[in-house]
Amino acid sequence: MIVRILGEGQYDVSDDALTRLNELDAAVETAVEGGDEAAFATALEALLEGVRTVGVPHALDALDESDLILPGSDATLEEVRDLLSGDGLIPG
């Protein structure tokens, strides 16, 4: 799966890593629902760091479409609230 972090780039992430990323995504969703800015910032950074840790940078010269697009680390709670679906940022 190819995951794009806006403003940063794409990462190849194995399907095996999705369970852990979904846990991190749930923390982002909980913080957004609660309107907790501090928890949101911490949870978003943990999610993005999780992608960076389990993923491998996608080839820069590849023109492959991303399977998932995540906001950058500078995204606001309101911006992420607009992106959330019923499944969070990462479906599943």
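Residues numbered from 1 in each chain as written. Predicted model: local features only at pLDDT ≥ 70, side-chain atom pairs only at ≥ 80, totals over all residues. Heavy atoms only, no water.

K.L.:
Please provide a residue-by-residue account of the pattern of salt bridges, values included.
P.N.:
Scanning the entire structure with this criterion turns up five salt bridges. In this structure, Glu 8 and Arg 52 form a salt bridge, with 2.8 Å as the shortest nitrogen-oxygen distance. Taken together, the positions of Glu 8 in the loop between strand 1 (2-5) and strand 2 (9-12) and Arg 52 in helix 2 (residues 37-54) put the pair 44 residues apart, joining distant regions of the chain. As a salt-bridge pair, Glu 49 and Arg 52 come within 3.2 Å of each other at their nearest N and O atoms. Of the two residues, Glu 49 and Arg 52 are both situated in helix 2; the distance of three residues between them amounts to about one turn of the helix. Here the salt bridges do not stand alone but share partners, grouping Glu 8, Glu 45, Glu 49 and Arg 52 into one network. (Salt bridge = Lys/Arg side-chain N within 4 Å of Asp/Glu carboxyl O. Helix = DSSP H or I, 4+ residues; strand = E, 2+ residues; numbered from the N terminus.)

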